[in-house]
Amino acid sequence: MVERLCFNTTEKIRLDEYLRKVLPECKELEGKELSNSKIRRLIVAGAVSVNARGVVRPSFELRGKSEVCVELDLQKFFYEKQPDDINFEVTPSAVLYEDDDLIFIDKPEFFPVEQTITGNRANLHDAVVDYLWKQNPCLHNPPYAGIMHRLDRTTSGVIVFTKNRTVNKRVSEIFQARKLTKKYLAVVEVSGHAELVPASNFTIEMFMGRVSSKSQAAKWGELSESRGGQYSKTEFRVLKEITVEKLRCAVLECNLFTGRTHQIRVHLASRGYPILGDTLYGGKEARRLYLHAYELAFELNGKAYDIICNNGSFRV
């Protein structure tokens, strides 16, 4: 049964912070655990509206008189199927680079970045905290590890965590302003696509947003700006042909200029090149989703970082 919860406020406050404050006070949620992750996912899933208009950005700022409504299926919200997560522990071999401010990790596929709705699922953030604590066993409290960006559970590759709060604001600004290089590798079938030849290039630009209903698995696609779509752009370069799971495929380098949800997956599917293993967007079933975060580069406080993850989790 879906409950509709509505609140009125005149505060100037982020939407996720406001919900974090008012939802625990509802009798419908009494005794339930509401983590930051649960609230963010509730917003991104399209279950929240402000003044009768859907909002999917947790950072959306409430201003003036606002009516915030939440549509909540209590049974689904507090139940989550346990998927085929792997067992993973951060060891020195998984650390791509580390200094006093940042730690870059080679994330495996089938492992979530952070805690999910159930609150009892193994995740990379906890694994990083455990690793840092083992490196500094004299600490009385768990060491800090800040989440600055995310990779899908099924995506492998380089991801960065901050090790102290003093750099959080600057790193967050770098990601929000896209003052970085973010490249992925994707594997697609080449059968029937004569244009996918090594060294060829193409660019995809579109406005995109969520196109599935709230009751279905979250799916993004091309959506006009007038309907809430956001601009997205990716440049692609065909690197080489390979055989993957007995299929003739090509490896594409994907250079992101924007960071929309499922951007690479949607862009390639729109051209008829769904990623191998990406059944949500029309790809053939495979042992994994063949998408890998290959390179992450930016400058922080005068220091240049260029971290490449070209092996490990992405085995073809």
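Residues numbered from 1 in each chain as written. Predicted model: local features only at pLDDT ≥ 70, side-chain atom pairs only at ≥ 80, totals over all residues. Heavy atoms only, no water.

## Considerations on the environment of Cys26
Mapped onto the secondary structure, Cys26 falls in the loop between helix 1 (15-22) and helix 2 (36-44). A relative accessible area of 10% places Cys26 in the buried class. Along the sequence, Cys26 and Leu5 sit 21 residues apart, while their C-alpha atoms lie 8.5 Å from each other. Beyond its immediate chain neighbours, meaning those up to four positions away, Cys26 contacts Leu5 and Phe7. (Helix = DSSP H or I, 4+ residues; strand = E, 2+ residues; numbered from the N terminus. Buried < 20%, exposed > 50% of the residue type's maximum accessible area, 1.4 Å probe, protein only. Contact = heavy atoms within 4.5 Å.)

## Digging into empty space enclosed by the protein
Using the criterion set out here, one finds one cavity of 30 Å³ or more in the structure. The calculated volume of the largest cavity comes to roughly 40 Å³. Lining of the largest cavity is provided by His149, Leu151, Val158, Lys182, Lys183, Tyr184, Ala293, Glu295 and Leu296. Counting residues per element, the ones that place at least two in the lining of the largest cavity are strand 11 (181-189) and strand 16 (291-300). (1 Å grid on protein atoms, 1.4 Å probe; cavity = no way out; pocket = protein on both sides within 12 Å on 5 of 7 lines; lining within 4 Å. Points joined across faces, edges and corners; volume = space filled by probe spheres on them.)

## So, the pairing of strand 8 (residues 102-107)
Most of strand 8 sits out of view: six of its six residues are buried. Going residue by residue along strand 8, you find Leu102, Phe104 and Asp106 tucked away on one face and Ile103, Ile105 and Lys107 tucked away on the opposite face as well. Inspection of the sheet shows strand 7 (residues 95-98) paired to strand 8 by three bridges, in the antiparallel sense. In the sheet register, Val95 faces strand 8, and the bridge partner there is Ile105. Taken together, strand 7 and the strand that follows it, strand 8, pair antiparallel across an intervening segment of three residues. (Pairing = 2+ DSSP bridges.)

## Structural notes on the environment of Asn168
Topologically, Asn168 is positioned in helix 5 (residues 168-176). In this structure the C-alpha to C-alpha distance between Asn168 and Gly146, which are 22 residues apart in sequence, comes to 7.4 Å. A distance of 2.6 Å separates polar atoms of two side chains, one belonging to Asn168 and the other to Tyr144. A polar side-chain atom of Asn168 sits 2.7 Å from a polar atom in the side chain of Thr162. (Polar contact = N/O pair within 3.5 Å; in protein donor to acceptor, adjacent residues only side chain to side chain.)

## Focus on the nonpolar core
Among the nonpolar cores identified, the biggest contains 67 residues, and Leu252 and Leu268 are the most heavily contacted of them. Excluding its chain neighbours within four sequence positions, the residues that come into contact with Leu252 are Tyr184, Leu185, Ala186, Val188, Leu196, Phe202, Phe236, Arg237, Val238 and Leu268. Ranked by size, the runner-up nonpolar core spans 22 residues in total, among them Phe7, Cys26, Leu29 and Ile39. (Core = buried A, V, L, I, M, F, W, Y, C linked by side-chain atoms within 4.5 Å.)

## What about the packing of aromatic side chains?
Applying the stated rule across the entire model yields 11 aromatic pairs. Look at Phe104 and Tyr305: their rings are 5.7 Å apart centre to centre, the planes differ by 35 degrees, and that puts the pair in the tilted class. Of the two residues, Phe104 is situated in strand 8 and Tyr305 in strand 17 (residues 303-308); the sequence distance between them amounts to 201 residues. With respect to class, Phe104 is no different from Tyr305; both count as buried. Both rings, one in Phe202 and one in Phe236, keep their centres 5.0 Å apart while their planes meet at 20 degrees; by these two values the pair is stacked. Taken as a pair, Phe202 in strand 12 (residues 201-210) and Phe236 in strand 14 (residues 230-244) lie far apart in primary sequence, 34 residues in all. Residue Phe202 is classed as buried on the basis of its relative accessible area of 14%. Pairwise contacts between aromatic rings join Tyr97, Phe104, Phe175, Phe298 and Tyr305 into one cluster. Over the ring of Phe257 we find Lys233, and its NZ or CZ is 4.5 Å from the ring centre. (Phe/Tyr/Trp six-rings, centres within 6.5 Å; stacked < 30°, edge-to-face > 60°. Lys NZ or Arg CZ within 6 Å of the ring centre and 35° of its normal.)

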